[in-house]
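# Structural characterization, general
Now for the letters of each chain:
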Amino acid sequence: MPNCYNCTIEKQMKTEGVKYKSIYFRFYAELNDFLPSDKKQKIFEFEFAGPLKVQEAILAMHIPLSEVDLVIINGQSKKFNYWLKDDDFISVYPVFESFDISSLNALRPHPLRETKFILDAHLGKLAKYLRMAGFNALYDPDFKDPQIIDISVDTKRIILTRDKALLRSVRIKHGYYVRNINPLKQFKEIICKFDLVSQFNPLNRCLVCNQLLKQIAKIDVETLVSPDIYNRFTHFYQCQQCHKIFWKGSHFDRMRQFIYEISKSV
Ligand SMILES: [Zn+2]
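Throughout this document, residue positions are counted from 1 along each chain, in the order its sequence is written. Residue-level local features of this predicted model are given only where pLDDT is at least 70; pairs of side-chain atoms are given and counted only at 80 or more, and the full residue set underlies all totals for whole chains, interfaces and linings.

### Comments concerning the overall build of the protein
The number of helices and strands found in the protein is seven helices and twelve strands. Residues classed as buried in the protein amount to 24% of the 266 residues present. The numbering of helices and of strands both runs from the N terminus, where a helix is a DSSP run of H or I of at least 4 residues and a strand a run of E of at least 2. Residues with at least 20 neighbouring C-beta atoms inside 10 Å of their own are called buried, those with 12 or fewer are called exposed, and the rest are partly exposed, where every C-beta is derived from the backbone.

Listed below in structure tokens is the structure:
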């Protein structure tokens, strides 16, 4: 048991004459899943003796550091190796999917979470727009609601749906009701809602099956595309699952322009 911080800290506190310090914790969103019921969704006091880093205190609460994306101490973002002081007030946030924290995060240069979606049967065009911009957007018109929920929970995907009833399940942690009906407006809505402009990465995902694309040498596509396409273009990409070939042509320029226009308007 020597590695259990809780035990060590309690032992230290029980030692007569040891001065201990108090800090205050508040854990947010799904980080509460790791806490006992008396500490969920509330500010609570944490006492310790001796020097202690914030990461050690977080681990003492049995929160995996891989689940933590932002630590705010007395109003400022701090790193895991911050030494705690008496009366520190600490807010700990999970991996964010709802807004871009890269500019204020001292822990990592980029948010930990890859923003991933699963879309219901009515949002096929939106799925294509998201893939076009490089986002992981799972869509299959044959998915039934329970399946969508299972996949969302198992793979931490945000459910996008036009069906409010689907979002009533208590199992769903990340779901969003898409307000717009027009697919292009829906795309803008999602980019804005989840603050995704900085994560655009066109020609990264297959528009057909959502798998990653891999650059492929021109010589290797000679028999896979028409002679006209082969002669006119230089850069080719292949889906690693369905093997469809994409190329940087006028389509790509239009897509880039389209994404640029979107990014200016959100
Ligand atoms: Zn594919």
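Structure's up, so let's keep going.
### Topic: the nonpolar core
By convention in this section, buried Ala, Val, Leu, Ile, Met, Phe, Trp, Tyr and Cys residues joined through C-beta atoms within 7 Å make up a nonpolar core. One finds Phe117, Leu119, Leu126, Leu130 and Leu160 to be the most contacted residues of the largest nonpolar core, which totals 24 residues. It is helix H3 (residues 124–132) that contributes the most residues to this core, five residues altogether. Residues are treated as contacting if the C-beta atoms built from their backbones sit within 7 Å of each other. The contacts of phenylalanine 117, once residues within four sequence positions are left out, are Leu130, Phe135, Asn136, Ala137, Leu138, Arg157, Ile158 and Leu160. Counting residues in hydrophobic clusters, the runner-up holds 17 residues, among them Phe25, Leu31, Val68 and Leu70.

### As for the sheet that holds strand E10 (residues 213–216)
Read from one edge of the open sheet, three strands run E10-E11-E12, paired in antiparallel fashion. In the strand order of this sheet, the two ends are held by E10 and strand E12 (245–247), each with one partner. The average angle at which neighbouring strand axes cross in this sheet is 35°, direction not considered. The pairing criterion is simple: DSSP has to find at least two bridges between the two strands. Whenever a helix is involved, its axis is fitted only over the stretch in contact; in every case the axis is a line through C-alpha atoms, and angles between N-to-C directions fall within 0 to 180 degrees.

### What about helix H5 (residues 183–193)?
If you check which residues of H5 are buried, you get Gln186, Phe187, Ile190 and Ile191. Buried residues of H5 fall within an arc of 135° about the axis and therefore sit on the same side. Immediately downstream of H5, the backbone of aspartate 195 shows phi near 50°, a positive value. What the arc covers is the set of directions going from the helix axis to the C-beta atoms.

### As for the confidence of the model for the protein
Overall, the prediction assigns the protein a mean pLDDT of 83, with 84% of residues at 70 or greater. A score from 0 to 100, pLDDT tells how confident the predictor is in each residue. Mean pLDDT values for the elements of the protein range from 52 in helix H1 (residues 5–14) up to 97 in strand E7 (residues 136–139).

### Concerning the packing of H3 against H5
Two elements in contact, H3 and H5, have axes whose closest approach is 9 Å; the angle formed by their N-to-C orientations is 50°. Relative to H5, the element H3 is oriented oblique. Classified by chirality, the crossing of H5 by H3 is right-handed. Facing Lys125, Leu126, Tyr129 and Leu130 of H3, the residues of H5 in contact are Pro183, Gln186, Phe187 and Ile190. Nonpolar residues are Ala, Val, Leu, Ile, Met, Phe, Trp, Tyr, Cys and Pro. Charged residues are Asp, Glu, Lys and Arg, and all others, Gly as well, are polar. Of the residues that constitute the contact of H3 with H5, the class distribution is six nonpolar, one polar and one charged. Geometric relationships in this document are graded by angle, where less than 35 degrees denotes roughly parallel, more than 145 denotes roughly antiparallel, 65 to 115 denotes roughly perpendicular, and other angles denote oblique. Helix crossings get a hand from a simple test, with the near helix turned counterclockwise from the far one by less than a right angle marking a left-handed crossing and a clockwise turn marking a right-handed one.

### Notes on the sheet that holds strand E6 (residues 116–119)
The four strands are arranged E7-E6-E8-E9 in an open sheet whose pairing can be described as parallel. The two strands at the open ends of the sheet, each matched to only one other strand, are E7 and strand E9 (175–177). Going across the sheet, the axis of each strand differs from the next one's by a mean of 25°, ignoring polarity. As defined by bridge partners, strand E8 (residues 158–161) adjoins E9 across three bridges and the pair is classed as parallel. Residue leucine 160 lies in a different strand from E9, and its bridge partner there is tyrosine 176.

### Focus on the pairing of strand E11 (residues 236–239)
Inspection of the sheet shows E10 paired to E11 by four bridges, in the antiparallel sense. When the bridges of E11 are listed, leucine 213 appears paired with cysteine 239. One ladder, built from three bridges, connects E11 with E12; its direction is antiparallel. Looking at the pairing, glutamine 238 lines up with isoleucine 245 of E12.

### What to know about unusual backbone geometry
Phi is positive for histidine 62, which is not a glycine, with a value near 65°. Summarising the element assignment, histidine 62 is placed in the loop between helix H2 (54–60) and strand E3 (68–73). Phi angles above zero are rare outside glycine, and asparagine 74 is one such case at about 50°. Along the chain, the position of asparagine 74 falls in the loop between E3 and strand E4 (76–77). Taking the C-beta count within 10 Å as the criterion, asparagine 74 has 11 such neighbours and is therefore assigned exposed.

### Points about H3
Among all positions of H3, only Leu126, Ala127, Tyr129, Leu130, Arg131 and Met132 are buried. With its phi angle positive at about 100°, glycine 134 sits one or two positions after the end of H3.

### A closer look at the environment of leucine 138
Structurally, leucine 138 is set in strand E7. Residues leucine 138 and glutamine 211 lie 73 residues apart in sequence; the distance between their C-alpha atoms is 9.3 Å. Discounting residues that sit within four places of it in the chain, leucine 138 has contacts with Phe117, Ile118, Ile151, Arg157 and Asn210.

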